[in-house]
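Listed here are the chains, written in short residue letters.
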Amino acid sequence: MKEDFLHYVWQHQYFDKSDLRTTGGEEIQVLRPGQRNADAGPDFLNARLRLGEVEWNGAVEIHLRASDWQRHNHQTDKKYDQVVLHVVHQADADVHRTNGSLIPALALAPRLAPDLLSRYEALVQAPSAAPLPCAPLLGQVPMLVRTMMTERALLERVEQKADVIAALHQHLGQDWEATAYHALMAAFGFQKNSEPLARLAKAVPLPLVRRHRHDQRQLEALLFGQAGMLIENDETAADEYLHDLRQEHAFLGHKYDLGPTALAAHEWNYLRLRPANFPAVRLGQLVGLLHRRPALFDALLTAQSVVALGEFFAGAPAPAYWQQHFRPGRPGKVPGLGKSSIELLIINVVVPLRVAYARHTGQPDLVESSVGLLSELPAEHNQYTDLYQDLGFEHRTAADSQGLLALHKGYCQPRRCLHCAIGGRLVGGEPARLRANR
């Protein structure tokens, strides 16, 4: 048994409450179990209990064994002085606050229904080879519960991405245009080159881009030069176009005291990448976008559909040279920004950016419409989404895909089954609800 099982039991009051008493014999009435605390301190806050004739408002701390209180050094931590009830599986010790006062305890071991324990064990003891801990039991869970949990996980995933955008916005002095610029630069790396592109955005900040975005050649020289992609070598020495860009970069670098380059050539990743995803290709596409789209944030915020966003991205092609070269000095026909890439940008930049802005400005309708964009996109397919689809989960749009990925990463992979509505349904079941006597 893990402690999170007792958290689950206490939160849902899944135990026998007839003649409920502390280990000292004092009668207990649970008026409000409290709210789970995700931060440091007691496990449940703002609980409301009646112990004997006295009503208490305070915290509840939960342990498998009462002696864990000392092992965790709570007796010296003033945050735990607010605890009014110590809920344990086994009451093997008395515990005290920092001032020495005794904390009442409730032992749950004799109050847990055997079938509740058996359902919990069936879930947590699932073979490690099982695709999901609950896979053999999913037939017992209505589709509505699965759908609701996937939607909840989706919203959590979007909120987490929006939190990253909000932190970036704060770091950039609450400048939404700069936030859109930095977020797009990193996203165009499509994971493999996100980090170096994020560094390039810092090396070529938006005010500098704004000065030269009207001149595509200067913008190209700035970004490719600071990216370390214009260094002369055997492949590029005879390329006149690159020679001209090097001269332009040298002039601009001297003008703005930029230094030779911000990144070195070896810092860009090419391993296991298709040529269409090479960093020079993506940087060329960024140059086209920055040149032709002077107001990034406003356009991304006001676009009314996925179609409009697709036109925004696809209608800003890379400079002609980078449509014909996968790498500096290496010719080859390069496709434009593809449909799947645009869809990833909408998922990973546009939606979180709009949600972060909506939360900042207090516009719940904009949050809803922004998340709704995901339902206009086709479903993503990878080893994780295919796994859930094979198990009968709905998987029709990118909203489903993102929800399934969040479900896997946040709940199934770390086996946080009791935090999941699906696991909760399997463990709690209707009989346990009827016995709760609430």
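This text follows the structure it describes.
Predicted model only: the values in this text are computed from it and were never measured.

Rules of the game
Residues numbered from 1 in each chain as written. Predicted model: local features only at pLDDT ≥ 70, side-chain atom pairs only at ≥ 80, totals over all residues. Heavy atoms only, no water. Helix = DSSP H or I, 4+ residues; strand = E, 2+ residues; numbered from the N terminus. Rg over C-alpha atoms; globule rule 2.2 N^0.38 Å. Buried < 20%, exposed > 50% of the residue type's maximum accessible area, 1.4 Å probe, protein only. Contact = heavy atoms within 4.5 Å. Areas by Shrake-Rupley, 256 points an atom, 1.4 Å probe, with all protein chains shown as cover. Lys, Arg positive; Asp, Glu negative; His and termini not counted. Charge placed at Lys NZ, Arg CZ, Asp CG, Glu CD. Core = buried A, V, L, I, M, F, W, Y, C linked by side-chain atoms within 4.5 Å. 1 Å grid on protein atoms, 1.4 Å probe; cavity = no way out; pocket = protein on both sides within 12 Å on 5 of 7 lines; lining within 4 Å. Points joined across faces, edges and corners; volume = space filled by probe spheres on them. Expected span 1.5 Å × (residues − 1). Polar contact = N/O pair within 3.5 Å; in protein donor to acceptor, adjacent residues only side chain to side chain. Pairing = 2+ DSSP bridges. Axes fitted to C-alpha atoms, helices over the stretch in contact; angles between N-to-C directions. Parallel < 35°, antiparallel > 145°, perpendicular 65-115°, else oblique. Disulfide = S-S within 2.5 Å. Nonpolar A, V, L, I, M, F, W, Y, C, P; charged D, E, K, R; others polar.

(A) Expanded view of the overall build of the protein chain. When helices and strands are counted, the protein chain shows 17 helices and 8 strands. Here the protein chain has a C-alpha radius of gyration of 29 Å; the compact-globule value for 438 residues is 22 Å, and the former is much larger. Counting only residues that meet the buried cut, the protein chain has 50% of its 438 residues in that class. A separation threshold of at least 6 residues defines the contact pool for the protein chain, and within that pool the share at least 24 residues apart is 61%. Summed over all atoms, the accessible surface of the protein chain reaches about 20,900 Å², with 51% contributed by carbon and sulfur. Separation between the mean location of the 46 positive side-chain charges and that of the 48 negative ones in the protein chain comes to 1 Å.

(B) Here's a closer look at the nonpolar core. Counting residues in hydrophobic clusters, the biggest one holds 75 residues, and the most contacted among them are Tyr181, Leu200, Leu223, Leu283 and Phe313. Ranked by residues supplied to this core, first place goes to helix α13 (residues 339–361) with 12 residues. Beyond its immediate stretch of four places on either side in the chain, Tyr181 contacts Ala201, Val204, Pro205, Leu206, Val209, Leu223, Leu290 and Leu296. Tyr120, Cys134, Ala135 and Cys412 belong to the second-largest nonpolar core, a separate cluster that totals 47 residues.

(C) Representation of empty space enclosed by the protein in the model. Following the criterion strictly, the structure yields 1 cavity of 30 Å³ or more and no others. If you add up the space inside the largest cavity, you get close to 90 Å³. If you go around the largest cavity, the residues you meet are Leu132, Pro133, Cys134, Tyr388, Phe393, Leu407, Tyr411, Cys412, Cys417, Cys420, Ile422 and Gly423. Top contributing element to the lining of the largest cavity by residue count: helix α16 (residues 398–412), with 3 residues.

(D) Broad picture of helix α9 (residues 240–256). When the terminal C-alpha atoms of α9 are compared, their 24 Å separation across 17 residues agrees well with the 24 Å that a helix rising 1.5 Å per residue should span. Within α9, burial applies to Leu242, Leu245, Arg246, Glu248, His249, Leu252, Gly253 and Tyr256. Here α9 starts with a cap whose side-chain oxygen sits 3.1 Å from the backbone nitrogen of Tyr241, and that cap is Asp239. A positive backbone phi angle near 55 degrees is found at Asp257, which sits one or two residues after α9.

(E) Looking closely at the pairing of strand β5 (residues 83–90). Counting buried positions over the 8 residues of β5 gives 7, a clear majority of the element. Where strand β4 (residues 54–65) lies against β5, 6 bridges are found, and the strand directions are parallel. By the bridge assignment, Arg65 is partnered in β5 with Gln90. Two elements, β5 and strand β6 (residues 105–107), share 3 bridges in a ladder whose sense is parallel. Across the sheet, Val87 pairs through a bridge with Leu106, a residue of β6.

(F) Region of interest: the packing of helix α15 (residues 383–390) against α16. Contact geometry for α15 and α16: axes closest at 9 Å, N-to-C directions at 95 degrees. Comparing their axes, α16 and α15 come out roughly perpendicular. Residues Tyr384, Thr385 and Tyr388 of α15 form the contact with α16, whose participating residues are Ser401, Leu404, Leu405, Leu407, His408 and Cys412.

(G) Region of interest: the state of the cysteines. Per the stated rule, a full pass over the model turns up 0 disulfides. Summary of cysteine pairing: Cys134 is not part of a disulfide, and the nearest cysteine sulfur, belonging to Cys412, is at 5.8 Å. Cys420 carries a free sulfur, and the closest cysteine sulfur to it, the one in Cys412, is 6.1 Å from it.

(H) Main features of the environment of Gln218. Turning to its location among the elements, Gln218 is positioned in helix α8 (residues 216–226). Gln218 has contacts with His212, Glu248 and Leu252, leaving out every residue within four places of it along the chain.

(I) Here's a closer look at the pairing of strand β3 (residues 44–51). Relative to β3, strand β1 (residues 28–32) runs antiparallel, the two being bridged by 4 bridges. From the neighbouring strand, Arg32 faces β3, where its bridge partner is Arg48. Summarising the sheet, strand β2 (residues 35–36) and β3 pair through 2 bridges and their orientation is antiparallel. Bridge pairing links Gln35 to Leu45 in β3. The antiparallel pairing of β3 with β4 creates a hairpin that spans 2 residues between the two strands, and Gly52 there sits at a positive phi of about 65 degrees.

(J) How the structure looks around the packing of helix α4 (residues 143–171) against α13. With their axes 8 Å apart at the nearest point, α4 and α13 run at an angle of 70 degrees to one another. In this view, α4 runs roughly perpendicular relative to α13, as classed from their interaxial angle. In this structure, α4 contributes Val158, Glu159, Lys161, Ala162, Asp163, Ile165, Ala166 and His169 to the contact, and α13 contributes Ile347, Asn348, Val351, Pro352, Leu353, Val355, Ala356, Arg359 and His360. Among the residues making up the contact of α4 with α13, the classes are represented as 10 nonpolar, 3 polar and 4 charged.

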